[in-house]
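A closer look at the structure
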Amino acid sequence: MPRCSLPRLYPILDAGLLLRAGLSIEGFARELRQAGIRFLQYRDKEATDEVVLERAALLRTIFPPPDCCLILNDRVPLVSTARYDGIHVGQEDLSPSQTRATLGPDVLIGISTHGEGQLRSAADGPADYLAIGPVFATASKQDPDPVVGLDGVRAARAMTAKPLVAIGGITRSNCAAVIQAGADSVAVISDLIPRPGSSTGNLVQEFLTALSDRAR
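Let me sum up the structure you'll find in this document. As a convention, each chain's residues are numbered from 1 in the sequence order in which they are written. Where totals are concerned, whole chains, interfaces and linings use all residues; where local detail is concerned, this predicted model gives features only for residues with pLDDT of at least 70, and gives and counts side-chain atom pairs only at 80 or more. Side-chain calculation: all heavy atoms of the structure are included, whereas hydrogens and water are not.

1. Here's the deal with the state of the cysteines
Rules: Note on disulfides: each one is a pair of cysteine sulfur atoms within 2.5 Å. Think of it this way: any DSSP run of H or I at least four residues long counts as a helix, any run of E at least two long counts as a strand, and we number them from the N terminus. For each residue, the accessible area found with a 1.4 Å probe, counting protein chains only, is set against the maximum for its type, and the residue is called buried under 20%, exposed over 50%, and partly exposed in between.
Applying the stated criterion across every chain yields a total of one disulfide. Disulfide pairing is shown between C4 and C69; the S-S distance is 2.0 Å. Around the S-S axis, the bridge from C4 to C69 shows a dihedral of about -100 degrees and counts as left-handed. In this pair, C4 is assigned in the segment before β1 (9–14) and C69 in strand β3 (residues 69–73), connecting sequence segments 65 residues apart. Comparing C4 with C69 shows no difference in burial state: the two are buried. Sulfur of C68: no disulfide; nearest cysteine sulfur belongs to C69 and is 7.7 Å away.

Structure representation (structure tokens):
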């Protein structure tokens, strides 16, 4: 069984987004680590497999096992080489069943879903957690699927007992409402990227405060 458990805050490091913002992948990752993050997904839609493995190795040094869990986005064949703990696949990638057959029982598998049909299908499969979204409008993904809203999160919660990750347009101001709607975890990309006058570490702490039990 996978050793990783989902945290309330699920950060996603999107390499392309960081580089377009003029930020260092290493610097961003180290700030997350210093802020207490021990669970991270690495997403890199544009790089070659060789570059992905190089960056994956860097992140593995910053987030070493056994106290840290790293999830790779999409690149199923690279998970073992990268020594990552899990994989997150989309609807156009290998299915969770194919992914489980390829990677074995010890790798955490997550899958993106964007509506009732996809979620019901994924709930019956071997994925360890299900992602639902986009909850709100998002600028971090090209050609995003239609927004599901908080009602979509509530509907997803009613359809599965598996851990549920909400994603898409989640910010410090709306994350508590997403948890209240039934998500176990919120995946965040853009709202962890610092603007002038802020730092990634401060943004992490603001999220954790908003997601604390007092905010529920």
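2. Side note on the packing of helix α2 (residues 25–34) against helix α9 (residues 200–210)
Put simply, the test is: Interaxial angles span 0 to 180 degrees and are taken between N-to-C directions of axes, which are lines fitted to C-alpha atoms, for helices over the stretch in contact. Any angle that falls under 35 degrees is termed roughly parallel, while one over 145 is termed roughly antiparallel, one within 65 to 115 roughly perpendicular, and all others oblique. A clockwise turn of the near helix away from the far one marks a right-handed crossing, whereas an anticlockwise turn of less than a right angle marks a left-handed crossing. Between two residues, a contact is recorded if the distance between any of their heavy atoms is within 4.5 Å.
Contact geometry for α2 and α9: axes closest at 8 Å, N-to-C directions at 40 degrees. Taken together, the axes of α2 and α9 are oblique relative to one another. Here the hand of the crossing between α2 and α9 comes out right-handed. Facing α2, whose interface residues are F28, E31 and L32, α9 presents T200, G201 and V204.

3. Here's the deal with the packing of aromatic side chains
Note the cut-off: Pairing of aromatic rings covers Phe, Tyr and Trp, the last through its six-membered ring, and needs centres within 6.5 Å; plane angles under 30 degrees mean stacked, over 60 mean edge-to-face, and all others mean tilted.
Summed over all chains, the structure comprises two aromatic pairs. Where Y10 meets F39, the ring centres are 5.0 Å apart and the plane angle is 70 degrees; that geometry is what we call edge-to-face. Residue Y10 is located in strand β1, and its partner F39 is located in strand β2 (residues 39–43); the two are separated by 29 residues in the primary sequence. As far as the burial class goes, Y10 and F39 line up, both buried. Relative to Y129, the ring of Y10 lies with its centre 5.9 Å away and its plane at 65 degrees, an arrangement referred to as edge-to-face. A residue pair is termed long-range when its members are at least 10 positions apart, and Y10 in strand β1 and Y129 in strand β6 (residues 129–132) qualify at 119 residues.

Read these as geometric descriptors, not functional statements.
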